[in-house]
Each structure stands twice: as C-alpha cells, then as structure tokens.
Amino acid sequence: PSEQAPCRVLRMMPEIVHGLSPAWNLGIHLPFSYSRNTHQSTFDGVKLRLHNLNLIDLGARRNFYYGANYELALYSERITPARYSGEIRGIIGTNQDDWKLTLNPIINSALKKNPNGRSVQFEAYAQALRSITEDVAIGIEHYASPGKLSRTRFDARSGEITYLVTEIKTKSHWHIHLGVGHGWTSPTDKVVVKAMIGLPF
C-alpha cells in the first residue's frame, strides 16, 4: 500500500567504496529518489556491502575470477515491504582476449517478518562484453528473478529483462556504464534506461 510506483520516478544510489586489500573492499550505498509526480526527493535507506574478488592469471590476456558480495540493507517501505534484508551474490567469470563473461547467482531474504513472509529468493545475472577498443566495450546483460529458491520458475510470472550496454573508460579514469533494457514478462517494466558512473578519489 505504501509503495512508490516507478512511473516518472528517478532513482539514484551513490556508493562510496574503500579498498581493504587487493581482494576485499567495503562499500556503503545511499539510495534516494525524485518523483516528478510530487516534485519531492526522498531518502530511501542504506545498504552496507562487503565485496571479495579473487583473480587467477591464465596468461596471454586471459584470466579467471571468482568471489562473493555480501550485503545488509535497511530500506524504506516505499521501495520494498522487506525493510531489513540480506543478500549473497556469487561472482564467477573470465576474460578471454577481447571478451568478458560474468555470471552472478544471487540469494536474498528478508531479515524480519513482513507481509510477503521471509522466503529465500533467487535471482541470476549474466553479462557478455566485447572490447571494441582499449577503453570501450559493448555487450548484453540479462537479469532473471525466478522467485523462491525452493520453487524457481522461468516463465511469464518471473522477472526477465535484457539490456544492451556499453562501458567506457575516460582518460581521467572515470568508468561509465550505460544500458537500455527491455522487459520480457509482466512483472518487469517494458523499457528501462540505466547509468552507472564511477570515479576514483
């Protein structure tokens, strides 16, 4: 009942990351949104993230990487009825010459009783990127939300959205990720535009 409908809403989530070691970093997300319907900005919660990534050099512009992302979130009911939640995102992938392939199996669950219960949810994310130049890559991403881990389903009721994306590295070391997505099933929006901008400090 208190959910903020996504129509005409711009959502942004700044993240500050600190490297703890070559393989570990700690981040904090601060999501907020601006509604063109009400002309109001709202702060939507906070998320803490611990990220681990291990790299195995295979030589000759090839490598294999794996790790995990651990998250704890406190969100407003405008975003989700599960205000307190936890997530584990597996990471596995490889770089093969000009190609980068990544797969993320994701498990998340509410940490407190809510109207939707405390079932463990499963999601999956896959990405295939090809480098066009040293600083520009293009590719495809797919996000799937098949529901409860105990009863997953890839059908018209699951969330399925595919993005055409590009990633750009600037001379000043900014990382820019842009994507246009199409939702294939009823739970997803039909057209989604996203952007991620990273800058070192």
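Each chain has its residues counted from 1, running along the sequence as written. Side-chain atom pairs in this predicted model are given and counted only at pLDDT of 80 or more, local residue features only at pLDDT of at least 70, and totals for whole chains, interfaces and linings cover all residues. Values reported for side chains reflect all heavy atoms of the structure, with hydrogen atoms and water molecules removed beforehand.

Draft legend 1. Inspection of the environment of Leu72 at higher detail. Within the element layout of this structure, Leu72 appears in strand E7 (residues 62-75). Expressed as a C-alpha distance, the spacing of Leu72 and Val120, which sit 48 residues apart in the sequence, is 14 Å. By the convention used here, residues are in contact when the closest approach between their heavy atoms is within 4.5 Å. The residues touching Leu72, leaving out its near neighbours within four places in the chain, are Val46, Lys47, Leu48, Ser85, Gly86 and Leu111. The way it works is that DSSP assigns letters per residue, a run of H or I at least four long becomes a helix, a run of E at least two long becomes a strand, and they are numbered from the N terminus.

Draft legend 2. Main features of a nonpolar patch on the surface. A surface patch of nonpolar side chains, about 460 Å² in accessible area, is lined by Leu20, Trp24, Leu26, Tyr70 and Ile88. Note that Ile88 resides in strand E8 (residues 84-96). The buried label goes to any residue with under 20% of its type's maximum accessible area, the exposed label to any with over 50%, and the partly exposed label to all in between, with areas taken from a 1.4 Å probe on protein chains only. Given the relative accessible area of 47%, Ile88 is considered partly exposed. Surface patches are defined over residues having more than 30% relative accessible area and no salt bridge, joining like charges when they lie within 9 Å and nonpolar side chains (Val, Leu, Ile, Met, Phe, Trp, Tyr) when within 5 Å. Shrake-Rupley sampling with a 1.4 Å probe provides the accessible areas, and residues are treated as covered by the protein chains on show and by no other component. For salt bridges, the criterion is a side-chain nitrogen of Lys or Arg within 4 Å of an Asp or Glu carboxyl oxygen.

Draft legend 3. Quick peek at the sheet that holds strand E11 (residues 136-148). Here, any two strands with at least 2 DSSP bridges between them count as paired. Reading across from one edge, E2-E3-E6-E7-E8-E9-E10-E11-E12-E13-E14 is the order of the 11 strands in this open sheet, with antiparallel pairing throughout. Only two strands of the sheet have a single neighbouring strand rather than two, namely strand E2 (15-19) and strand E14 (191-198). In this sheet, adjacent strand axes meet at a mean angle of 20° when their direction is disregarded. When strand E3 (residues 24-29) meets strand E6 (residues 45-57), the two strands line up antiparallel, connected through 6 bridges. Paired with Gly27 across the bridge in E6 is Arg49. Between N-to-C directions, angles cover 0 to 180 degrees, with each direction set by a line fitted to C-alpha atoms, over the stretch in contact for helices.

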